[in-house]
Amino acid sequence: MKEKYLRQLSPVDEVMELPAIKDLTPRYPRAVVVSAVRSVINKLRETILATKKEDELRNISLEPDDLVPLVRELVKEIMSPSLKRVINATGVVVHTNLGRSILASSAVDAVLGAAGNYSNLEFNLVEGMRGSRHIHVENLLCSLTGTEAAMVVNNNAAAVLLALSTIAEGKEVIISRGQLVEIGGSFRIPDVMRQSGAILREVGTTNKTYLEDYRNAINEETALLLKVHTSNFRVVGFSAEVLLHDLVKLGKENDLYVMEDLGSGVLVDLSKYGLSHEPTVYESVKSGADVVTFSGDKLLGAPQAGIIVGKKELIDAMKKHPLARALRVDKMTLAGLEETLRLYLDPAKAVEKIPTLNMILVPQAELKRKAERLAKKIKEKTRGKFEVGVAEDISRVGGGALPLEELPTAVVVLSPKGLSASEFENKLRKSDPPIIVRVHEDRVLLDVRTIQLEEIGEIVGALAMLSSDM
Ligand SMILES: *Cc1c(COP(=O)(O)O)cnc(C)c1O
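## Comments concerning the overall build of the protein chain
Phase 1: Of the regular secondary structure elements, the protein chain holds 22 helices and 15 strands.
Phase 2: Counting only C-alpha atoms and orienting by the principal axes, one finds that the protein chain spans roughly 80 × 55 × 55 Å.
Phase 3: Considering the protein chain as a whole, with its 470 residues, one finds that 48% of them fall into the buried category.
Phase 4: Across the protein chain, the fraction of contacts at a sequence separation of at least 24, relative to all contacts at a separation of at least 6, is 74%.
Phase 5: Split by element, the accessible area of the protein chain, about 23500 Å² in all, is 51% carbon and sulfur.
Phase 6: Taking the 61 positively charged and 64 negatively charged side chains of the protein chain as two groups, their mean positions are separated by 3 Å.

## Some details on the domain arrangement of the protein chain
Phase 1: What the domain assignment lists for the protein chain is domain 1 (2-79), domain 2 (87-94 + 360-468) and domain 3 (105-353).
Phase 2: Summarising the inter-unit geometry, the C-alpha centres of domain 1 and domain 2 are found 39 Å apart.

## Thoughts on the sheet that holds strand E15 (residues 443-447)
By definition, the strands of a sheet pair up through backbone hydrogen bonds, in either a parallel or an antiparallel sense.
Phase 1: Taken in spatial order, the four strands of this open sheet run E11-E12-E15-E14, and their pairing is antiparallel. The open sheet terminates on both sides in strands that have one partner only, identified here as strand E11 (386-395) and strand E14 (438-440). The average angle at which neighbouring strand axes cross in this sheet is 35°, direction not considered.
Phase 2: Across four bridges, the pairing between strand E12 (residues 407-416) and E15 is antiparallel. Across the sheet, Val-411 pairs through a bridge with Asp-447, a residue of E15.
Phase 3: Its contacts with the sheet put helix H20 (residues 364-381) on E11, E12 and E15, and the angle it makes with E12 is roughly 15°.

## Thoughts on H20
Phase 1: With 18 residues, H20 extends 26 Å between its outermost C-alpha atoms, agreeing within 8% with the 26 Å of an ideal straight helix rising 1.5 Å per residue.
Phase 2: The complete set of buried residues in H20 reads Leu-367, Lys-370, Ala-371, Leu-374, Ala-375 and Ile-378. Projected onto a plane normal to the axis of H20, the buried residues spread over an arc of 135° and lie on a single side. Exposed positions of H20 whose direction lies more than 90 degrees from the buried face are Lys-376, Lys-379 and Glu-380.
Phase 3: Tucked inside the fold, the buried residues of H20 contact E11, E12, E15 and helix H22 (455-468).
Phase 4: Backbone geometry just after H20 places Arg-383 at a positive phi near 45°.

## Points about helix H15 (residues 312-320)
Each α-helix turn comprises 3.6 residues. Residues three or four places apart therefore point the same way.
Phase 1: Every buried residue of H15 is accounted for by Leu-314, Ile-315 and Met-318. The buried residues of H15 all sit within an arc of 95° when viewed along its axis, so they share a single face. Within H15, the exposed residues directed more than 90 degrees away from the buried face are Glu-313 and Lys-320.
Phase 2: Along its buried surface, H15 packs onto strand E4 (149-153), helix H10 (156-168), strand E8 (257-263), strand E9 (291-295), strand E10 (306-310) and helix H16 (322-327).

## What about the nonpolar core?
Phase 1: In this structure, Leu-141, Phe-294, Val-309, Leu-337 and Tyr-344 are the most contacted members of the largest nonpolar core, which totals 57 residues.
Phase 2: The element that contributes the greatest number of residues to this core is helix H17 (residues 331-344), accounting for five residues.
Phase 3: In this structure, this core is formed jointly by two domains, domain 2 (87-94 + 360-468) and domain 3 (105-353), each of which donates at least three residues.
Phase 4: Setting aside anything within four residues of it in sequence, one finds Val-309 in contact with Leu-141, Thr-145, Thr-147, Ala-149, Ala-150, Val-281, Val-285, Asp-290, Val-291, Val-292, Phe-294 and Ile-315.
Phase 5: Residues Ala-163, Ile-189, Ile-315 and Ala-324 belong to the second largest nonpolar core, which totals 32 residues.

Reading guide: rules and limits
- Residues numbered from 1 in each chain as written.
- Predicted model: local features only at pLDDT ≥ 70, side-chain atom pairs only at ≥ 80, totals over all residues.
- Heavy atoms only, no water.
- Helix = DSSP H or I, 4+ residues; strand = E, 2+ residues; numbered from the N terminus.
- Buried < 20%, exposed > 50% of the residue type's maximum accessible area, 1.4 Å probe, protein only.
- Contact = heavy atoms within 4.5 Å.
- Areas by Shrake-Rupley, 256 points an atom, 1.4 Å probe, with all protein chains shown as cover.
- Lys, Arg positive; Asp, Glu negative; His and termini not counted.
- Charge placed at Lys NZ, Arg CZ, Asp CG, Glu CD.
- Domains from an automatic or database assignment.
- Pairing = 2+ DSSP bridges.
- Axes fitted to C-alpha atoms, helices over the stretch in contact; angles between N-to-C directions.
- Expected span 1.5 Å × (residues − 1).
- Arc of directions from axis to C-beta.
- Core = buried A, V, L, I, M, F, W, Y, C linked by side-chain atoms within 4.5 Å.

Listed below in structure tokens is the structure:
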């Protein structure tokens, strides 16, 4: 029965000869059009094969002319960039799915400069010989965190992998059961540990681990005491954790290294600005940890990177490890990171210029004014097609950082007439540039915390266009 329908499918050559398809070829590369035609035909073939009922098969349109809009759509999709700018109206500052941190404008300039020019990436300009890519950020990291040495790899997962491989391959690493965390996707401490060749020695319980638990697990195979910051959740209530300071003491007594995976790695004390205390890298170094690892693109607000700071002998060994080459950062990342770290030399400037910090710390009163301005413009341009209001709400830091922090914010509340909030969300997501929003109780919320000033006009324009089709 399916044969009949499959036979009706036009061959690629025939579709290519349709005038409407021929029209596409001067504008788009022929190879792209051919491949789109082939995909559309293959898709229809799959649909026919997957359809069980005869009356449903009859409803599939197989006329060559019916393929034209599908081909046109697909060609456009292939020709437009896959990685696009989006407007983040979710209020989640370090939004993992939307690219985590955005860079300070001077860091963006630094990235551009590194991308489009030759540089002294691995060239010592004073001596005229080969240099190290690490030095561009090492001194800065040392002065900002009080450490002896530093290096940077592709991300914090890579930093943990490299540190464990270097320090503890074939040896035991002691860690609290309460810290065997999963950080989204596929980063799970036990898996990274296995990959590094280190042997996991878990102690304590999910909610309580004492110094004694670590002490009792130490044996001649132990290489490292590891503390992992539970960055994306908190154990509250009946719980106990060993302080880094005490782990360091135990490490010293037993001649063992101590490492902390900090996750976010803030360089400024956020509690000074009214947020809950997130351990700073400086504090971990000061507590005596031999190695501290953290992400570049979480609360630090730099490009994606994994930063390793600590004792010189260990960092030197990591730089020489074969994995270092596989995990190394590229010049654009280094340029963006160096410039971001430079901003931290003056913390007041860091808070002002680094978007991640700035967006987290902006006062609610300012957000309210921004939301009111946006709401007024939307009302003016959408001719009563939406109910528009402003409300107080809560935004989140995101990126698995400060999971309990509730940032008081202001949102523009939109209820479109005759459209459900999820249909409306879908339309906004498909506009150009895509606008990503929150949906709550059948209303669309635009959290102005993460909306950049230049984007206000684009949002109003997109809503005006949608309202004219409604
Ligand atoms: C986020 C995080 C990681 C992974 O860092 P990436 O930079 O995303 O690779 C590892 N450990 C902790 C504790 C984290 O919070």
